[in-house]
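Spelled out from the first residue to the last, the chains are:
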Amino acid sequence: MHPESRLTVLIAEDNLIPALEIEDIVRDLGCQVVGPVGKLSEVMKLIETTQFDAALLDVELKNGEKVYPAADLLRSRGIPFAFFTAYDREVLGPKYANDIVVEKPFLRAELEATFEPELAEVGATSGTPLKKGA
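These figures come from a predicted structure and were not determined experimentally. (Residues numbered from 1 in each chain as written. Predicted model: local features only at pLDDT ≥ 70, side-chain atom pairs only at ≥ 80, totals over all residues. Heavy atoms only, no water.)

Peer 1: Any chance you could explain the pairing of strand β4 (residues 81–85) here in plain terms?
Peer 2: Looking along a regular strand, one sees side chains alternate from face to face of the sheet. Within β4, 5 of the 5 residues are buried, which leaves it mostly tucked inside the rest of the structure. Burial along β4 is two-sided: the face carrying Phe81, Phe83 and Thr85 and the face carrying Ala82 and Phe84 are both buried. As defined by bridge partners, strand β3 (residues 54–58) adjoins β4 across 4 bridges and the pair is classed as parallel. If you follow Leu56 over to β4, its bridge partner there is Ala82. As a crossover connection, the stretch from β3 through helix α3 (residues 68–76) into β4 is right-handed. Of the strand pairs in this sheet, β4 and strand β5 (residues 100–103) are connected by 4 bridges, and their pairing is parallel. Bridge pairing in β5 links Phe84 to Val102. (Buried < 20%, exposed > 50% of the residue type's maximum accessible area, 1.4 Å probe, protein only. Helix = DSSP H or I, 4+ residues; strand = E, 2+ residues; numbered from the N terminus. Pairing = 2+ DSSP bridges. Right-handed = clockwise from strand over helix to strand, strands pointing away.)

Put into C-alpha cells, the structure is as follows:
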C-alpha cells in the first residue's frame, strides 16, 4: 500500500477481469481511477470532460476499435499514457515506438514498476506517473 498520491489515472480496458485487476493495482498504488471504460467513444468523452494525470490504454477495445485516436489526443494534451497489448510492440508501428507498452498477460510487478519511480520521486503527491522507455 502506498500513501494517497493525488494522481488520477484513466483506464481503458474492454475485458472485465483485466480491467478490475488493473484498477486494483492502480488504487493500491494510492492513485484515483477514472473508468475503466471499454469503448473508444467513452475514452474520448472522458479525455474531453474529465481531469486526470495519466492513462493506461488497451490497444484493442470493444468491437475491435483501436485506441490510437485517444493516444493521439492524450499526446497532444501532454498527458502521459501506456499501452496494454497482447500483440508484439512492433504492431504499434513507428508512431508509438517510444511509448510505454505493458504486454499482456502482465505481472502485477510489471504494472507497479511503471508507476513506482515517479511515485517515490514526487513523494506520492503529484507529477507524471509513467516512466519513459519501458
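Peer 1: Mind showing me how you'd approach the sheet that holds β3 here?
Peer 2: Adjacent strands of a sheet form backbone hydrogen bonds with each other and so pair up, either parallel or antiparallel. One open sheet accounts for 5 strands, arranged β2-β1-β3-β4-β5; its pairing is parallel. Whereas interior strands pair on both sides, the edge strands pair on one side only; in this sheet they are β2 (32–37) and β5. Across this sheet, the average inter-strand angle for adjacent strands is 20 degrees, counted without regard to direction. Looking at chain direction, strand β1 (residues 8–12) and β3 are connected through 4 bridges and run parallel. Counted as the bridge partner of Ala12 is Leu57 from β3. (Axes fitted to C-alpha atoms, helices over the stretch in contact; angles between N-to-C directions.)

Peer 1: Just checking my understanding: could you explain a nonpolar patch on the surface for this structure?
Peer 2: A cluster of nonpolar side chains, namely Leu16, Ile17 and Leu20, defines an oily patch on the protein surface of about 310 Å² accessible area. Checked against the element boundaries, Ile17 lands in helix α1 (residues 16–28). Classification of Ile17 by relative accessible area gives exposed; the value is 58%. (Patch = residues over 30% accessible without salt bridge, like charges linked within 9 Å, V, L, I, M, F, W, Y side chains within 5 Å. Areas by Shrake-Rupley, 256 points an atom, 1.4 Å probe, with all protein chains shown as cover. Salt bridge = Lys/Arg side-chain N within 4 Å of Asp/Glu carboxyl O.)

Peer 1: Could you clarify how one ought to interpret the environment of Glu13 in this entry?
Peer 2: With respect to the secondary-structure elements, Glu13 resides in the loop between β1 and α1. Excluding its chain neighbours within four sequence positions, the residues that come into contact with Glu13 are Pro18, Ala19, Ile22, Val37, Gly38, Asp58, Leu61 and Lys104. One polar contact links the side chain of Glu13 to the main-chain amide nitrogen of Asn15, over a distance of 3.0 Å. (Contact = heavy atoms within 4.5 Å. Polar contact = N/O pair within 3.5 Å; in protein donor to acceptor, adjacent residues only side chain to side chain.)

Peer 1: I would appreciate a short explanation of unusual backbone geometry in the present structure.
Peer 2: Glycine aside, residues mostly have negative phi angles, and peptide bonds mostly take the trans form. The omega torsion of the bond from Gly35 to Pro36 falls at 5 degrees, within 30 degrees of zero and hence cis. Mapped onto the elements of the fold, Pro36 is located in strand β2. Backbone torsion omega between Lys104 and Pro105 reads -10 degrees, so that peptide bond is classified as cis. For Pro105, the position within the fold is in the loop between β5 and α4 (108–121).

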